[in-house]
Amino acid sequence: MAASDLNLAAVVGDHFAGWSPQMLDQLQRMFTSNQFMPFVAALARVGNCAHPIRLRGSSTRIDPATGEILSSYASSDEPLGVTYIRCGNRRASVCPACSRVYAADVFHLIRAGVTGGKTVPESVAENPLVFATLTAPSFGHVHSAQACGRPVRGIRHCRHGHTLHCLVRHGNDDPELGQPLCFDCYDYTSQVVWQWWAPDLWRRFTIALRRLIAKTLGVPGDRAAHVATVQYAKVAEYQRRGVVHFHALIRLDGPRTPEGFAVAPARIDSRRLGRLVQAAAQTVRLTVPGIDEDDPARTLAFGPQLDVRPVRLGRRSDDPTAPLVPEQVAGYLAKYATKSADDTGPGGTAHAHRLNATIRELGQRARIAHVHCHAGAEEYLLLGKWVHMLGFRGHFASKSHRYAITLGALRRARRRASMLIAETRESGRPLDLAALEADLLADADDDTTLIIGRWSYAGAGWDNDAEQALALSAAARAREYARQAAEQRSTHQLGER
């Protein structure tokens, strides 16, 4: 049956409800021009990506030993005349499908560092592991679900005449959460400076932690790596007030080796590691210069709200005070790795506008101070370029070198798996990907073929709004199917128990 003979409503179902006449007309033209099925095939190849990259060009696979041409490919052979590839954006608001893939990669990366797998030995599960949350200090009184709505004795006022207590109980979706009780008292400059230096403060924290571990083990700090190493996976999350805090899995390994993942020293278990993490977070300090002559130097630290909990394996508990399990932690960090870049806390509130204005002002002051050769001003010259991140210039998800496998290795494995699947479909031979995991995750240097290609950028995104809406709809259905399948597996496992 030709695509033009398909019933439009039968294909898109209720998903075209609310579409504009222009989008419906675009969809109808796809059917009448026989472009719908090629679009569906291209959409499947990019995994329902909402903003794929369009390329034109060709590539050839060659055996480097013999010079034999193994295969060739050209975008001109595609029905749509271009080659589509995933955008790879990890932001769920930009591309739900690619962000879901990114979250899955982060999940497997984090879980591998907890339980082993993906080239990480299972023995790593025996090493001490804690889950820590490090927050920013207070920059002024704000509305919060914990502090507001409680009875107080005597209402205090700030010097601007505003009350420093809120008697309203706020719901989780209340836009007042995170807003200052007094905008004039709130120290916007210090928050921006703290946020700007937060990545360096984390680095100082890891140094302090290694020194405390070395002291505990009775070895000099410069020889700590010969006895124990600290590995971590970390994500940054915005609080309602627009400042980041860090969630991190921190693992203690044994001495540094080429393979990594050595057995940890017996003198430090998860509880002691947790106490060392707390001590390092509470004592670490970072002195930073002022932006100009009117701005003083500051000594930065983490806030007093610090949560450190051991992660124990083999237990499942819904008790929020109980030790965490790997699946909980990996899923939690993977969720915020995709969420944090979109959710910057205060959104479009008055507090957010004040933050944005403060960042722009400080960036301008830094440029002026740099012209006048003020020491330290050059550290803030790029501040104005990070307004969209409220001054945070760090990575939202990062890990230490030896924590686990890299995202790059996981992506290479996915590409190799896709090529093998395509080849086996053509040949009709069965393929057991589980048995090929070691080969799929091997280093890129192990490849035995040479790929020569020439590609040019042809654009980004689908051709029209209707195609993008179909991509978003397909991604939503895929997520729903995956959720239902996960629930069925969970129900089946519980039934077997």
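Residues numbered from 1 in each chain as written. Predicted model: local features only at pLDDT ≥ 70, side-chain atom pairs only at ≥ 80, totals over all residues. Heavy atoms only, no water.

1. Observations concerning the pairing of strand E6 (residues 244–253)
For step 1, the next point in the chain: Of all ten residues that make up E6, ten are buried, and the element is covered over most of its length.
For step 2, the next point in the chain: Burial along E6 is two-sided: the face carrying Val244, Phe246, Ala248, Ile250 and Leu252 and the face carrying His245, His247, Leu249, Arg251 and Asp253 are both buried.
For step 3, the next point in the chain: Pairing between strand E4 (residues 129–134) and E6: six bridges, direction antiparallel. By the bridge assignment, leucine 134 is partnered in E6 with phenylalanine 246.
For step 4, the next point in the chain: Where strand E5 (residues 229–238) meets E6, ten bridges bridge the pair, whose relative direction is antiparallel. By the bridge assignment, tyrosine 238 is partnered in E6 with valine 244.
For step 5, the next point in the chain: Where E5 hands over to E6, the hairpin turn is made up of five residues, of which glycine 242 adopts a positive phi near 90°. (Buried < 20%, exposed > 50% of the residue type's maximum accessible area, 1.4 Å probe, protein only. Helix = DSSP H or I, 4+ residues; strand = E, 2+ residues; numbered from the N terminus. Pairing = 2+ DSSP bridges.)

2. Details of helix H5 (residues 188–217)
For step 1, the next point in the chain: Given a rise of 1.5 Å per residue, 30 residues ought to cover 44 Å, and the 42 Å separating the end C-alpha atoms of H5 matches this to within 8%.
For step 2, the next point in the chain: The sharpest bend along H5 reaches about 55° and sits at alanine 198, with the proline proline 199 one to four residues further on.
For step 3, the next point in the chain: Positive backbone phi, at 75°, marks glycine 218, one or two positions downstream of H5. (Expected span 1.5 Å × (residues − 1). Bend = angle between axes of the 7 residues up to and from the residue.)

3. A look at a nonpolar patch on the surface
For step 1, the next point in the chain: A contiguous nonpolar patch, built from Val152, Ile155 and Leu167 and spanning about 260 Å² of accessible area, is present on the exposed surface.
For step 2, the next point in the chain: Relative to the helices and strands, isoleucine 155 is located in the loop between E4 and H5. (Patch = residues over 30% accessible without salt bridge, like charges linked within 9 Å, V, L, I, M, F, W, Y side chains within 5 Å. Areas by Shrake-Rupley, 256 points an atom, 1.4 Å probe, with all protein chains shown as cover. Salt bridge = Lys/Arg side-chain N within 4 Å of Asp/Glu carboxyl O.)

4. Digging into the packing of helix H4 (residues 96–115) against helix H9 (residues 407–427)
For step 1, the next point in the chain: With their axes 10 Å apart at the nearest point, H4 and H9 run at an angle of 120° to one another. In terms of their interaxial angle, H4 and H9 are classed as oblique. When you trace H4 past H9, the crossing you get is right-handed. Residues Val101, Tyr102, Asp105, Val106 and Leu109 of H4 form the contact with H9, whose own contacting residues are Leu407, Leu410, Arg411 and Arg414.
For step 2, the next point in the chain: Class assignment of the residues belonging to the contact of H4 with H9 gives a composition of six nonpolar, no polar and three charged. (Axes fitted to C-alpha atoms, helices over the stretch in contact; angles between N-to-C directions. Parallel < 35°, antiparallel > 145°, perpendicular 65-115°, else oblique. Left-handed = near helix turned anticlockwise from the far one by under 90°. Contact = heavy atoms within 4.5 Å. Nonpolar A, V, L, I, M, F, W, Y, C, P; charged D, E, K, R; others polar.)

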